Amino acid sequence: MAIDAFLQSLTELEAEALGAFDAAPDAAALEAARIEFLGAKNGRFKSVQKGLGTIPPADKPLAGKRLNEVRDAIQSGFDRATERLARGVIEEVDPTFDPTLPAAPPRLGRRHPITQTIGELVDIMGRLGFSLEEGPEIEDERHNFDALNIPADHPARDPLDNFYLSGSGGVLRLLRSQTSTVQIRVMERRQPPVRIIALGRVYRPDTADPTHYPMFHQMEGLMVDRGVTMADLKRTLALFADSYLGTDVDVRFRPSFFPFTEPSVEVDFFWNGRWMEFGGAGMVDPNVLRAVGYDPDVVSGFAFGLGVERLCMRRFGVTDIRDLYTNDVRFLRQF
Ligand code: PHE
């Protein structure tokens, strides 16, 4: 083969290969072009290369040099096309995509509105000098009833109004129906003065509706010392209401009855233009003080129990208690 024809075919091959690589619309087309031109077995570069053997010896150095140049040029053309397609993948997805922008902030979870409310209540009462105490959710009759001056035949002990548990080794147990149990537990192991709150779940077999749920939370408060009066109770609740609901919330007591307080009251707060009931309260009954070994002639105390869901719902504008426990993230995400 004459050197001119050989060089001519190399030039044509280079132009064709570069054209094919540039035009390849996707990775599959580029790979097909690579095999056509650079394939190790039947690639077109390989077949042109075979012609080198038929070049007259004097022209071989020139032919070999040109062959190497063209091979390098075709290889670079292929590399450029590979890079172009890699960039293209991103551009095709979204032409406005800017990989230099800061990443989107991670979507974190958030605390349940009831958990947020409890945190705030603990905070407010802590500033008033009330420390947080805990008690078990599975209770015995002494702490849920007897020591709270609730006699054996009292309707509050009705099996229809409580979750009694079976098979607990002779001792009758139940899911506590009120956090007043913690009053007893604290006074049993501590001498006055006492200034505590208890915050937790209580259970009653109510049918769920917008204002009832078989599990809810109470905030119990208890203060026992020499000379504690009803005025201390009202002032404490007024300070609490001011802190939690906003400034200048009126507090109203309505006469009521609880076996463990005497006198007993229902507690209303005047808020957003109307009176709303938030729980019960009263002066600790002397029988309760005696049941834990305190002397009612020396110390007196007040106690209150407020509904945490009620406080939470009024604050956040929730109108159905069931929404709090369906745990639909679209609902929970709003708080
Ligand atoms: N334990 C009462 C209830 O669950 C509330 C209460 C607590 C009343 C403390 C008086 C004193 O309804």
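Residues numbered from 1 in each chain as written. Predicted model: local features only at pLDDT ≥ 70, side-chain atom pairs only at ≥ 80, totals over all residues. Heavy atoms only, no water.

Student: Where do I start with the packing of helix H5 (residues 113–127) against helix H10 (residues 308–316) in this structure?
Tutor: Two packed helices can be described by the angle between their axes and the distance between those axes. The geometry of H5 relative to H10 is characterised by a closest axis approach of 10 Å and an angle of 105° between their N-to-C directions. When the interaxial angle is binned, H5 and H10 end up roughly perpendicular. Between H5 and H10, the residues in contact are Pro 113, Ile 114, Gln 116, Thr 117, Ile 118, Glu 120 and Leu 121 and Val 308, Glu 309, Leu 311, Cys 312, Arg 315 and Phe 316, respectively. Of the residues assigned to the contact of H5 with H10, the class counts are eight nonpolar, two polar and three charged. (Axes fitted to C-alpha atoms, helices over the stretch in contact; angles between N-to-C directions. Helix = DSSP H or I, 4+ residues; strand = E, 2+ residues; numbered from the N terminus. Parallel < 35°, antiparallel > 145°, perpendicular 65-115°, else oblique. Contact = heavy atoms within 4.5 Å. Nonpolar A, V, L, I, M, F, W, Y, C, P; charged D, E, K, R; others polar.)

Student: Mind showing me how you'd approach the domain arrangement of the protein here?
Tutor: Interfaces are frequently sized by the accessible area removed from exposure as the parts join. As far as domains go, the protein holds domain 1 (3–105) and domain 2 (114–332). Distance from the C-alpha centre of domain 1 to the C-alpha centre of domain 2: 82 Å. (Domains from an automatic or database assignment.)

Student: What should I look at first to understand unusual backbone geometry in this one?
Tutor: Note: most peptide bonds trans; most residues except glycine with negative phi. Residue Pro 193 is bonded to the preceding Pro 192 through a cis peptide linkage, with omega at 5°. Along the polypeptide, Pro 193 turns up in the loop between helix H7 (180–189) and strand S5 (194–203). Each neighbour pair has its own omega, and for Glu 262 with Pro 263 the value is -5°, a cis peptide bond. Positionally, Pro 263 belongs in strand S8 (residues 261–271). Not every positive phi belongs to a glycine, and Asn 149 is a case in point at roughly 70°. Inspection of the secondary structure puts Asn 149 in the loop between helix H6 (141–144) and strand S3 (163–165). For Asn 149, a relative accessible area of 26% puts it in the partly exposed group. (Buried < 20%, exposed > 50% of the residue type's maximum accessible area, 1.4 Å probe, protein only.)

Student: I'm lost on the site of the ligand in this one. Help?
Tutor: Taken together, 14 residues are adjacent to the ligand, and Gln 178, Ser 180, Arg 204, Gln 218 and Gly 305 come closest. At a separation of 3.0 Å, a nitrogen atom of the ligand approaches a polar side-chain atom of Ser 180. In this structure, Arg 204 approaches the ligand through a side-chain N or O atom, which is 2.9 Å from an oxygen atom. Look at the ligand: alone it shows 320 Å² of surface, and the protein chains cover 90% of it. Comparing atom positions with the cavity grids shows the ligand to sit within the largest pocket. Within the residue set of the shell around the ligand, elements represented by two or more residues are H7, strand S6 (215–225), strand S9 (274–284) and strand S10 (300–307). If you tally residues by element for the shell around the ligand, the top one is S10, at three residues. (Near = heavy atom within 4 Å. Polar contact = N/O pair within 3.5 Å; in protein donor to acceptor, adjacent residues only side chain to side chain. Areas by Shrake-Rupley, 256 points an atom, 1.4 Å probe, with all protein chains shown as cover. 1 Å grid on protein atoms, 1.4 Å probe; cavity = no way out; pocket = protein on both sides within 12 Å on 5 of 7 lines; lining within 4 Å. Sits in = over half its atoms within 2 Å of the grid points.)

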